[in-house]
Amino acid sequence: MTPIVYHPAYQASLPEGHRFPMGKYGRLAEILTARGLAPAGFAQPAPATAEMLGLVHDRAYVEAALASAVPRAIERAIGLPVDAGVTRRARASAGGTLAAARLALAHGIAGSAAGGSHHARREQGAGFCVFNDVAVAARVLQREGTIGRALIVDCDVHQGDGTADCLYACPDLFTLSIHAEKNYPARKIPGDLDIGLADGLTDAAYLAVLAARLPPLLDALRPDLVFYNAGVDPHRDDRLGRLALTDAGLSARDRLVVRETRARGIPLAAVIGGGYGHDVDAIAARHALVFEAIAAEAGG
Ligand SMILES: [Zn+2]
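Every chain's residues receive numbers from 1 upward, in the order its sequence appears when written. Two thresholds apply to this predicted model, a pLDDT of at least 70 for residue-level local features and 80 or more for giving and counting side-chain atom pairs, whereas whole-chain, interface and lining totals are computed over all residues. Here the side-chain values reflect all heavy atoms present in the structure, with hydrogen atoms and water set aside.

(A) Quick look at the side chain of Gln159. Counting from the N terminus, the helices are DSSP H or I runs at least four residues long and the strands are E runs at least two residues long. Mapped onto the elements of the fold, Gln159 is located in the loop between strand E3 (150-154) and helix H7 (161-166). For the purposes of these results, a polar contact is taken to be a pair of N or O atoms within 3.5 Å, where, inside protein, one atom must be able to donate a hydrogen and its partner to accept one; residues adjacent in sequence count only when each atom of the pair is a side-chain atom. Reaching out from Gln159, the side chain makes a polar contact with the side chain of Asp194 at a distance of 3.0 Å. Note on contacts: a residue pair qualifies if any of its non-hydrogen atoms lie within 4.5 Å across the two residues. Setting aside anything within four residues of it in sequence, one finds Gln159 in contact with His118, His119, Ser177, His179, Tyr184, Pro185, Lys188, Ile189, Pro190, Gly191 and Asp194.

What follows is the structure, given as structure tokens:
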């Protein structure tokens, strides 16, 4: 059985008609339960503390965010109202990614049904991201000596600018981003390895890039842990993507990442990343694919 981390606070309330598909988090938990992927229920994480968040983010920003008092300009860049519910969600999400990482280190593989807030930079949030959950979890584990080296495999369709910014001074926390080059953010912050893809790329070409680049990187780095951002916004129907992957392509991508990582005995912690559109059921179902890939690996 694969441990899956979930917290009711993952889904916050947003104003009616907000373009961020917040309902996907609760719906994903329902789908995972219905498909028997969480037979013993979910592991509920402790929210990240101010001290943990401060390992990655500017202290003044952390304080302002936790007090739901970020400046208007930053709130606009985030694109969500940073109220008590959204702040609670951001803390639960960062704590959830940390919990998934600890479960992965104990059991080999685990996932959180949230996370992947990769646009949150050191100084502030942006692009629907308040705190950078993966950077926070990686820094907490590294500082306490649980891990020495980690690889962040970011397959969300948008470049992981925030993660690159948060971890630029941490050479042992290696960032790989595979994204649509012309997509948000317009001004990219270079990570350790950035692979920008052309618009409209389809399954086979995408998988060829991943298959060529990921295994040698795993062999070269030999990380103690892999964080996998399994954003589903490379899907052809995604409202904010520019690529053209199918459900089968996303599934093959997830299985490739899980298989190559686990074949080397490296623990893997997955987070769901982005996925956008009006059909919350369809998006949540796409996010379930990575948990099916994990279950297949854990069971086989
Ligand atoms: Zn994205």
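(B) Main features of the sheet that holds strand E6 (residues 225-229). By definition, two strands form a pair when at least two bridges between them are found by DSSP. If you trace the seven strands from one edge of the open sheet to the other, you get E1-E2-E7-E6-E3-E4-E5, paired in parallel fashion. Of all the strands in the sheet, the pair left with one neighbour each is strand E1 (4-5) and strand E5 (193-197). With four bridges joining them, E6 and strand E7 (residues 268-271) adopt parallel strand pairing. Among the inter-strand pairings, Val226 is bridged to a residue of E7, identified as Leu268. Inter-axis angles, ranging from 0 to 180 degrees, are taken between N-to-C directions of lines fitted to C-alpha atoms, where helices are fitted over the stretch in contact. Its contacts with the sheet put helix H9 (residues 247-263) on strand E2 (109-112), E6 and E7, and the angle it makes with E6 is roughly 175°.

(C) Quick look at the packing of aromatic side chains. Within 6.5 Å between ring centres, the rings of Phe, Tyr and Trp (the latter by its six-membered ring) count as paired, and their orientation is classed by plane angle as stacked under 30 degrees, edge-to-face over 60, tilted in between. Tallying each qualifying case throughout the model produces seven aromatic pairs. Taken together, a centroid distance of 5.3 Å and an interplanar angle of 85° make the contact between Tyr6 and Tyr10 edge-to-face. Side by side, Tyr6 and Tyr10 carry an identical accessibility label, which is buried. Here Phe20 and Tyr25 contribute two aromatic rings whose centre-to-centre distance is 6.4 Å and whose plane-to-plane angle is 20°, an arrangement assigned as stacked. Owing to a relative accessible area of 5%, Phe20 belongs among the buried residues under this scheme. Look at Tyr25 and you get buried, because its relative accessible area is 4%. Taken together, the ring pairs in this structure connect Phe20, Tyr25, Phe128 and Tyr276 into an aromatic cluster. The lysine or arginine in question, Lys24, covers the ring of Tyr276, its NZ or CZ lying 5.4 Å from the ring centre. Accessible area is worked out with a 1.4 Å probe on protein chains only. A residue is then buried under 20% of its type maximum, exposed over 50%, and partly exposed in between. Each ring is checked for a lysine NZ or an arginine CZ that lies within 6 Å of its centre and within 35 degrees of its normal; such an atom marks a charge sitting over the ring.

(D) Focus on the nonpolar core. Among the buried residues, those of types Ala, Val, Leu, Ile, Met, Phe, Trp, Tyr and Cys that are joined through side-chain atoms within 4.5 Å form a nonpolar core. By size, the foremost hydrophobic cluster in this structure holds 100 residues, and its most contacted members are Leu151, Leu176, Leu214, Phe227, Tyr228 and Phe291. Setting aside chain neighbours within four positions, we find Phe291 in contact with Ile4, Leu28, Leu32, Leu37, Gly111, Ser112, Ala113 and Ile272.

(E) Expanded view of the pairing of E5. Of the two faces of E5, the one lined by Leu193, Ile195 and Leu197 is fully buried and the one lined by Asp194 and Gly196 carries no buried residue. Relative to E5, strand E4 (residues 173-180) is paired through five bridges, and the arrangement is parallel. Looking at the pairing, Ile178 lines up with Ile195 of E5.

(F) Just the side chain of Ser177, in detail. The topology assignment puts Ser177 in strand E4. Given the relative accessible area of 5%, Ser177 is considered buried. Within the structure, Ser177 has its side chain in polar contact with the backbone nitrogen of Gly160 (distance 3.2 Å). In contact with Ser177, not counting residues within four places along its chain, are Asp154, His158, Gln159, Gly160, Leu193, Asp194 and Ile195.

(G) Examining helix H1 (residues 24-34) more closely. When we look at burial in H1, the residues that qualify are Lys24, Tyr25, Gly26, Leu28, Ala29, Ile31 and Leu32. Among the residues trailing H1, Gly36 stands out with phi positive, at a value near 75°.

(H) The state of the cysteines, seen in detail. By convention in this document, the label disulfide applies to cysteine sulfur atom pairs within 2.5 Å. For the coordinates displayed, the defined rule picks out zero disulfides. Free cysteine: Cys129, not disulfide-bonded; nearest cysteine sulfur from Cys166 at 10 Å.

(I) How the structure looks around the UniProt feature "domain: Histone deacetylase" (unreviewed entry) in the protein chain. The UniProt feature table records "domain: Histone deacetylase" (unreviewed entry) at residues 18-285. The span residues 18-285 is 43% helical and 12% strand by assignment, and the distance between its end C-alpha atoms comes to 20 Å. UniProt positions are given in the numbering used here, feature names are shortened, and annotations may be inferred rather than shown by experiment.

(J) Expanded view of the pattern of salt bridges. We define a salt bridge as a side-chain nitrogen of Lys or Arg found within 4 Å of a carboxyl oxygen belonging to Asp or Glu. Throughout the structure, instances matching the rule amount to 15 salt bridges. Glu75 is paired through a salt bridge with Arg72; the nearest N and O atoms lie 2.8 Å apart. You can see Glu75 and its partner Arg72 sitting in helix H4 (residues 72-78), three residues apart, about one turn around the helix. Judged by relative accessible area, which is 17%, Glu75 ranks as buried. Through salt bridges with shared partners, a single network forms among Asp219, Arg222, Glu260 and Arg264.

(K) Highlighting the coordination of the zinc ion. Donors, by definition, are the N, O and S atoms found within 2.8 Å of a metal, the threshold being 3.2 Å for Na, K and Ca, and water is not counted, so a site can look incomplete. Only Asp156 (OD), Asp156 (OD), His158 (ND1) and Asp233 (OD) from the protein reach the zinc ion as donors, at distances of 1.9 to 2.7 Å. On the primary sequence, the residues serving as donors to the zinc ion are separated as D-x1-H-x74-D. Here the residue Asp156 occupies a position in the loop between E3 and H7, and Asp233 occupies one in the loop between E6 and H9, the gap between them amounting to 77 residues. What makes Asp156 buried here is its relative accessible area of 2%. According to the relative accessible area criterion, Asp233 is buried, its value standing at 0%.

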